[in-house]
Amino acid sequence: MPSSCYMDADAVGKGVDQTKYKGLIGSLLYLTASRPDIIFFVCLRARYQANPKESHFKAAKRILKYLKGTTNVGLWYLSHSPIHLIDYSDSDFAGCKLDRKSTSGTCHLLGSSLISWHSKKQACVALSTVEAEYIAARRCCAQILWLKQQLADFGLKIGKVPLLCDNTSAINLTKNHIQHSRTMHIEIRHHFIRDHVNNGDCEVKFIETKLQLADIFTKPLPKERFLFLRNELGILDSQNLS
C-alpha cells in the first residue's frame, strides 16, 4: 500500500459480494497469526466489511499478491535467544480519515523473538499526538502484565520490563502523578499505566522513531522502511538464511 494513499468508505464506488469479501478478510485475519507484517493492512480492509466496494476488494487482493511473492517469509525463532522482555508502543495520530481516530500498534519480543503483536484503531478520538501515544502505551502495559504472568506460570520471573516509546511527552505523562489541565480530558482507565510504572512492573523509555519497530503496525510505510522493520522483527525469508 503506497504510504501516501489512504482508504475511505468510497460512497460512489461499485458494490461487491459481501460474503465473498468477508470470506477473504476472514482468511487473511487468520493468517495474521503467523504473518504479523500484514496485520495493519488486513485490519484496515476489515473496517469496510459492512459495505465493501470494488476499491476495497482490489486493495485486499493486493495483500494476496504480496503474499504470493513472499511465500518463504515467516517468523523465525532462535534457539539461543535470551530470556527477557522488550516492548514497543507506537501510534498513528488521527490516521483514519473518516472519524479521525488514531491507530495503536504494539509488539513484544522475548529476547529477539517476536511473540505478541497488535494493531487496532483506538476507541476514542485523541486530541493530540501525546494522547494517542499515551493510549497506545497503556494497552502495551496491559499486555506486558499478561505476558509476565504467563512467563511466571512457566517459572520465569521477569523484573522491570522496558517499554519503548518515541514520544518524550507521553513518557513524561506516565511519570507525572499530578493531574493538570492538559490531561484532565483523558479517560481514567488510560492512567493505570502510571501505577505500574511506579510499582516497577515496566519502565517507559525513549527510542528514536527510525528504530521504533511498532511503526509497521500503525501506518503504510515506504518499501525500504517496511522491509527494514520486517527484518528487525524476525520476519525473514528462508531463502536468504544460511
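Up top you'll find the structure we're talking about.
First, a word on what this report is: a plain description of the structure on this page. Sequence positions are assigned chain by chain, starting from 1 and proceeding in written order. Since the coordinates come from a predicted model, pLDDT governs what is reported: local features require at least 70, and pairs of side-chain atoms require 80 or more to be given and counted, while whole-chain, interface and lining totals use all residues. Side-chain numbers here rest on the full set of heavy atoms in the structure, without hydrogens or water.

**Observations regarding unusual backbone geometry**
Consideration 1: Here the phi dihedral of Asp 10 falls at roughly 50 degrees; this positive angle occurs in a residue that is not glycine.
Consideration 2: The helix and strand labels rest on DSSP assignments: H or I over at least four residues marks a helix, E over at least two residues marks a strand, and numbering proceeds from the N terminus. If you trace the backbone, Asp 10 turns up in the segment before helix H1 (18-31).
Consideration 3: Phi angles above zero are rare outside glycine, and Arg 100 is one such case at about 60 degrees.
Consideration 4: Tracing the sequence through the fold places Arg 100 in the loop between strand S2 (85-92) and strand S3 (103-110).

**Details of the nonpolar core**
Consideration 1: Tyr 88, Cys 107, Leu 109, Phe 217 and Leu 233 are the most contacted members of the largest nonpolar core, which has 37 residues in total.
Consideration 2: Taken together, the elements giving at least two residues each to this core come down to H1, helix H2 (39-46), helix H3 (54-68), strand S1 (73-75), S2, S3, strand S4 (113-121) and helix H7 (223-232).
Consideration 3: When residues in this core are grouped by element, the largest group, 6 residues, is from H2.
Consideration 4: Look past the residues within four positions of Phe 217 in its chain and what remains in contact with it is Pro 36, Ile 39, Phe 40, Thr 103, Ser 104, Gly 105, Thr 106, Cys 107, Trp 117, His 118, Ser 119 and Leu 233.
Consideration 5: Grouped together as the second largest cluster of nonpolar side chains are 21 residues, Leu 110, Ala 137, Cys 140 and Leu 147 included. Throughout, nonpolar core names a set of buried Ala, Val, Leu, Ile, Met, Phe, Trp, Tyr and Cys residues whose side chains join them through atoms within 4.5 Å. Here the term buried applies to any residue with accessible area under 20% of the maximum for its type, exposed to any over 50%, and partly exposed to those in between, with areas from a 1.4 Å probe on protein chains only. In what follows, a contact means two residues having at least one pair of non-hydrogen atoms within 4.5 Å.

**Remarks on a nonpolar patch on the surface**
Consideration 1: Patch members must show over 30% relative accessible area and no salt bridge, and they are joined within 9 Å when carrying like charges or within 5 Å when they are nonpolar side chains of Val, Leu, Ile, Met, Phe, Trp or Tyr. All accessible areas in this document rest on Shrake-Rupley with a 1.4 Å probe, and a residue is counted as covered only by the protein chains that are shown. A pairing counts as a salt bridge when a side-chain nitrogen of Lys or Arg comes within 4 Å of a carboxyl oxygen of Asp or Glu. A cluster of nonpolar residues, Ile 83, Phe 154 and Leu 156, forms a patch on the protein surface that exposes about 320 Å² of accessible area.
Consideration 2: Turning to its location among the elements, Ile 83 is positioned in the loop between S1 and S2.
Consideration 3: Classification of Ile 83 as partly exposed rests on a relative accessible area of 49%.

**Overview of the packing of H1 against H3**
Consideration 1: At a closest axis distance of 11 Å, the pairing of H1 and H3 adopts a crossing angle of 35 degrees. Handedness of the crossing formed by H1 with H3: left-handed. When H1 is examined against H3, the residues Lys 20, Tyr 21, Leu 24, Ile 25, Leu 28 and Leu 31 are found in contact with a partner set consisting of His 56, Phe 57, Ala 60, Ile 63, Leu 64 and Leu 67.
Consideration 2: Each residue belonging to the contact of H1 with H3 can be placed in one class, and the counts come to 10 nonpolar, 1 polar and 1 charged. Angular values range over 0 to 180 degrees, each being the angle between N-to-C directions of two axes fitted as lines to C-alpha atoms, with helices fitted over their stretch in contact. Crossing handedness is read from the near helix: turned anticlockwise from the far helix by less than a right angle, it gives a left-handed crossing, and turned clockwise, a right-handed one. Following the grouping adopted for this structure description, the nonpolar residues are Ala, Val, Leu, Ile, Met, Phe, Trp, Tyr, Cys and Pro, the charged ones are Asp, Glu, Lys and Arg, and the polar ones are all others, Gly among them.

**Describing the environment of Lys 101**
Consideration 1: Here Lys 101 shows up in the loop between S2 and S3.
Consideration 2: Spatially, the C-alpha atom of Lys 101 lies 6.7 Å from that of Lys 121, the residues being 20 residues apart in sequence.
Consideration 3: When residues no more than four places from it in sequence are discounted, the contact partners of Lys 101 are Ala 94, Gly 95, Cys 96, Lys 121, Gln 122, Ala 123, Cys 124 and Val 125.

**Some details on the packing of H1 against H2**
Consideration 1: Closest axis-to-axis distance for the H1/H2 pair is 10 Å, and the angle between their directions is 155 degrees. Taken together, the axes of H1 and H2 lie roughly antiparallel to each other. In this structure, H1 crosses over H2, and the sense of that crossing is left-handed. Across from Tyr 21, Ile 25, Leu 28 and Leu 29 in H1, the residues of H2 making contact are Val 42, Cys 43, Arg 45 and Ala 46.
Consideration 2: Looking at the contact of H1 with H2 residue by residue, the class counts come to 7 nonpolar, no polar and 1 charged. Comment on the angle field: the value is read as roughly parallel under 35 degrees, roughly antiparallel over 145, roughly perpendicular from 65 to 115, and oblique elsewhere.

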